[in-house]
Amino acid sequence: MFEQLKTVYLQFRETFLRFDKRKRFIVAGTAFGTLFLLIGVILISSKKDYRVLYSQLNPQEAGTIVEKLKTDKISYKLMAGGTTILVPGKKVYGERIALANQGLPSQGGVGYEIFDKNNIGATDFVQRVNYQRALEGELARTISSLHEVKRARVHLVLPNESLFVKDQKPTTASITLQLNPFNKLSGQQVRGIANLVSSSVEGLHPKNITIIDSYGNILSKMLENDDSMGLTASQITIQKKVEDYYTKKVQSLMETAVGQGNAIVRVTADLDFNKVQKTFEKYNPDTTVLRSEETNYQLTAGDTANGSGGKVENHIRNYEINKTVQNVVQAVGNIRRLSVAVMVDGSYKTIKGKNGKPIRQYVPRSAEEMRKLSGVVKSAIGFDAKRHDNINVVNVAFDRSLMENEQAAFAAAGKHAFWADIIRKALYGLSILIGLFGLMKIIRSFKMEIRPLKDAELPFGDAEIAHEIPIETQKKIQIQQKVASLTNENPNGAAKLLKAWLVDEAEEKNV
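Just so it is clear, the structure is predicted and the values come from calculations on it, not from any experiment.

Participant: Can you tell me about the overall build of the chain, naming the residues and giving the values?
Facilitator: When helices and strands are counted, the chain shows 11 helices and 13 strands. For the chain, buried positions account for 21% of its 511 residues. A total of about 38000 Å² of accessible surface is found on the chain, and carbon and sulfur atoms cover 57% of it.

Given below as structure tokens:
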């Protein structure tokens, strides 16, 4: 093995020494560049892959986690001002489980785990303070679980119970929210947070909750006039849904009839949101009903001994007229009126202009066709003349100049991109061919094929002498033989080759 390496080294050294300065510089530069590339690949592959363990930590939690990592002798990196901790990728999940067992990160302060340890000597005041801390921490964790909330803090004021109701102070709460970038809370979400906290704390009313963001903006203002604001938002949502429903219904029918993009539909719905309860009493005088009946007996005067006395029977009947009572509750959101506006584009035909170029000419639709389209719209929305519904279908020429200019610009841009891609690929291919050609030329200039001399080519005609002739001498013999052969075939070319050979010979001597 050593002898083979030595032979390769000697051959490389002998070949390298025959090169001129330019070729030696190229070979040395290529060798050193390859070496540096290999070293860089080795360094990059051996570099540790750090991944995020936890991010967006507060300084206290970050310090506790770093101390735990130092105890476990795990390398780490701090980023984003110390709020993000990175560890080797292979240990991320194991460390997360280990830290979770120790309650890290705490996710918004201390929770009910504060009662895991039994403090026998704790006073009632300490227990009350711990309960308040645990309740605040648990609420902060729950609020922080919302997608828009990055971090939350909750402060509760739990007054002592008073013997008299009039002296009892109300329970209050203050909540600070740090939102994630490019996120905001809607009024419904703020209302949900307030209801969550008020339902979790005894005696806390939503009106006694103050919610602010990290910039000091009061978000709890959204809770004011809750009923009216909520009702107005619901009305707008219902109205929009009704209008969208009829718009899509009519739009699909019109585009089926006149073609896509040739009709524009807009619907305005007037809805009745008043909640009305009506009571109707209806009397029928032609129908009577016996309500009560009373019979009285009365004795008449006479000779009681002779039996001439008697009695009179009186009937009292009370009748009542038939009555019907109806309670009607009118549904909220009934349609009072529908207004539909439809614009329909006409048709176009191509004609020759004055200069012979084709142009598009607008052709309006016939009155009969517009009447049919108007009837289709009425049927689609359930037209009701009693509601004073309004349907307006007009035929107008659409201005398509902007769309045509954009289509022309897109076509020109696509054509330009197509040819730019073709030229770029052609240049890449040409560059590759030029590079391959130059590389082959360099390889051919470096490579000198040395073949064993034949018996007829040996100066003494002895094959055993070929092994004793140096490589340089064999090279010169082959060149001389090529020159002799070329001289017989092409004298002019042989003269040029001989001249070049003599020049190389003189340069090698000078070197």
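Participant: Can you explain the confidence of the model for the chain? Please cite residues and give values.
Facilitator: Detail in the predicted coordinates should be disregarded across regions flagged by low pLDDT. The pLDDT averaged across the chain works out to 77; a share of 73% of its residues lies at or above 70. Below pLDDT 50 for its whole length, residues 446–451 participates in 13 contacts with residues either more than four positions away or in separate chains.

Participant: Could you give an account of the nonpolar core, with specific residues and numbers?
Facilitator: Counting residues in hydrophobic clusters, the biggest one holds 22 residues, and the most contacted among them are Val-250, Met-254, Val-340, Val-342 and Val-377. Of all the secondary-structure elements, those providing two or more residues to this core are helix 7 (226–258), strand 7 (263–272), strand 10 (334–344), helix 8 (367–381) and strand 13 (390–395). Listed in part, the 21 residues of the second largest apolar core include Leu-177, Ile-193, Val-197 and Leu-219.

Participant: Residue-level account of the sheet that holds strand 10, with values.
Facilitator: Within the open sheet, the three strands sit side by side as 7-10-13. Their pairing is mixed. The open sheet has two free edges, formed respectively by strand 7 and strand 13, since each of these has just one partner strand. Pairs of neighbouring strands in the sheet enclose a mean axial angle of 10°, with direction left out of account. One ladder, built from six bridges, connects strand 10 with strand 13; its direction is parallel. In the strand pairing of strand 13, Val-344 is matched with Asn-395. Each of strand 10 and strand 13 is contacted by helix 8, which is oriented at about 145° to strand 13, the strand it contacts most.

Participant: Report on the packing of aromatic side chains, specifying residues and quantitative values.
Facilitator: Counted by the stated rule, this structure contains three aromatic pairs. A centroid spacing of 5.2 Å and a plane angle of 75° characterise the contact between Tyr-245 and Tyr-246, whose relative ring orientation is edge-to-face. Residue Tyr-246 is classed as buried on the basis of its relative accessible area of 13%. Aromatic side chains Phe-418 and Trp-419 sit 5.5 Å apart centroid to centroid with 75° between the ring planes, which places their arrangement in the edge-to-face category. Just above the ring of Phe-383 sits the side chain of Lys-378; from NZ or CZ to the centre is 5.0 Å.

Participant: Account for the sheet that holds strand 5 (residues 171–179), with residues named and values stated.
Facilitator: Strand order across the open sheet formed by three strands is 4-5-6, with mixed pairing between neighbours. Strands at the two margins of the open sheet, each flanked by one partner only, are strand 4 (149–157) and strand 6 (204–213). Sheet twist, expressed as the average angle between the axes of neighbouring strands with direction ignored, equals 20°. Strand direction decides the pairing type here: strand 4 and strand 5, joined by eight bridges, are antiparallel. Bridging from a neighbouring strand, His-155 pairs with Ser-174 of strand 5. Against the sheet, helix 5 (residues 124–144) contacts strand 4 and strand 5, and its axis sits at roughly 150° relative to strand 4.

Participant: Can you tell me about the packing of helix 5 against helix 6 (residues 187–200), naming the residues and giving the values?
Facilitator: Running from N to C, helix 5 and helix 6 point in directions that differ by 155°, and their axes come no closer than 11 Å. When the axes of helix 5 and helix 6 are compared, the pair comes out roughly antiparallel. Crossing geometry of helix 5 relative to helix 6 is assigned as right-handed. Across the interface between the two elements, Leu-135, Leu-139, Thr-142 and Ile-143 of helix 5 pack against Ile-193, Leu-196, Val-197 and Ser-200 of helix 6.

Participant: Summarise a nonpolar patch on the surface; cite the residues concerned and give the values.
Facilitator: Taken together, the side chains of Phe-418, Trp-419, Ile-422, Ile-423, Leu-427, Leu-430 and Ile-434 make up a nonpolar region of the molecular surface, amounting to roughly 720 Å² of accessible area. Topologically, Ile-422 is positioned in helix 9 (residues 401–446).

Participant: Give a detailed account of helix 5, specifying residues and quantitative values.
Facilitator: Side chains of residues three or four places apart in an α-helix project in the same direction, reflecting 3.6 residues per turn. Between its first and last C-alpha, helix 5 extends 30 Å over 21 residues, near the 30 Å set by a 1.5 Å rise per residue. Those residues of helix 5 that sit buried are Asn-130, Ala-134, Leu-135, Glu-136, Gly-137, Leu-139, Ala-140 and Ile-143. Next to the buried residues of helix 5 lie strand 4, strand 5 and helix 6.

Participant: Describe the pairing of strand 5, naming the residues involved and giving the relevant values.
Facilitator: Across six bridges, the pairing between strand 5 and strand 6 is parallel. If you follow Ile-175 over to strand 6, its bridge partner there is Ile-211.

Participant: Outline the pattern of salt bridges, listing residues and values.
Facilitator: Under the definition given, this model contains nine salt bridges. Of the charged contacts in the structure, one is a salt bridge between Arg-365 and Glu-369, with a shortest N-O distance of 2.8 Å. Taking the relative accessible area as the measure of exposure, Arg-365 reaches 18% and is therefore buried. With relative accessibility at 29%, the residue Glu-369 sits in the partly exposed group. Among the ionic pairs, Glu-368 bridges to Arg-371, the shortest N-O distance being 2.4 Å. Of this pair, Glu-368 and Arg-371 both sit in helix 8, three residues apart, roughly one helical turn. Accessibility expressed as a relative area gives 39% for Glu-368, which makes it partly exposed. By sharing partners, the salt bridges in this structure join Asp-421, Arg-424 and Lys-425 into a single network.

Participant: Lay out the environment of Leu-53 with the relevant residues and their values.
Facilitator: Mapped onto the elements of the fold, Leu-53 is located in strand 1 (residues 50–54). You can call Leu-53 buried: its relative accessible area is 2%. For the pair Leu-53 and Ile-65, spaced 12 residues apart in sequence, the C-alpha to C-alpha distance is 10.0 Å. In this structure Leu-53 touches Ile-65, Leu-69, Ile-85, Leu-86, Val-87, Val-92, Glu-95, Arg-96 and Leu-99, once residues within four positions along its chain are discounted.

Conventions used here
- Residues numbered from 1 in each chain as written.
- Predicted model: local features only at pLDDT ≥ 70, side-chain atom pairs only at ≥ 80, totals over all residues.
- Heavy atoms only, no water.
- Helix = DSSP H or I, 4+ residues; strand = E, 2+ residues; numbered from the N terminus.
- Buried < 20%, exposed > 50% of the residue type's maximum accessible area, 1.4 Å probe, protein only.
- Areas by Shrake-Rupley, 256 points an atom, 1.4 Å probe, with all protein chains shown as cover.
- pLDDT = per-residue confidence, 0-100.
- Contact = heavy atoms within 4.5 Å.
- Core = buried A, V, L, I, M, F, W, Y, C linked by side-chain atoms within 4.5 Å.
- Pairing = 2+ DSSP bridges.
- Axes fitted to C-alpha atoms, helices over the stretch in contact; angles between N-to-C directions.
- Phe/Tyr/Trp six-rings, centres within 6.5 Å; stacked < 30°, edge-to-face > 60°.
- Lys NZ or Arg CZ within 6 Å of the ring centre and 35° of its normal.
- Parallel < 35°, antiparallel > 145°, perpendicular 65-115°, else oblique.
- Left-handed = near helix turned anticlockwise from the far one by under 90°.
- Patch = residues over 30% accessible without salt bridge, like charges linked within 9 Å, V, L, I, M, F, W, Y side chains within 5 Å.
- Salt bridge = Lys/Arg side-chain N within 4 Å of Asp/Glu carboxyl O.
- Expected span 1.5 Å × (residues − 1).

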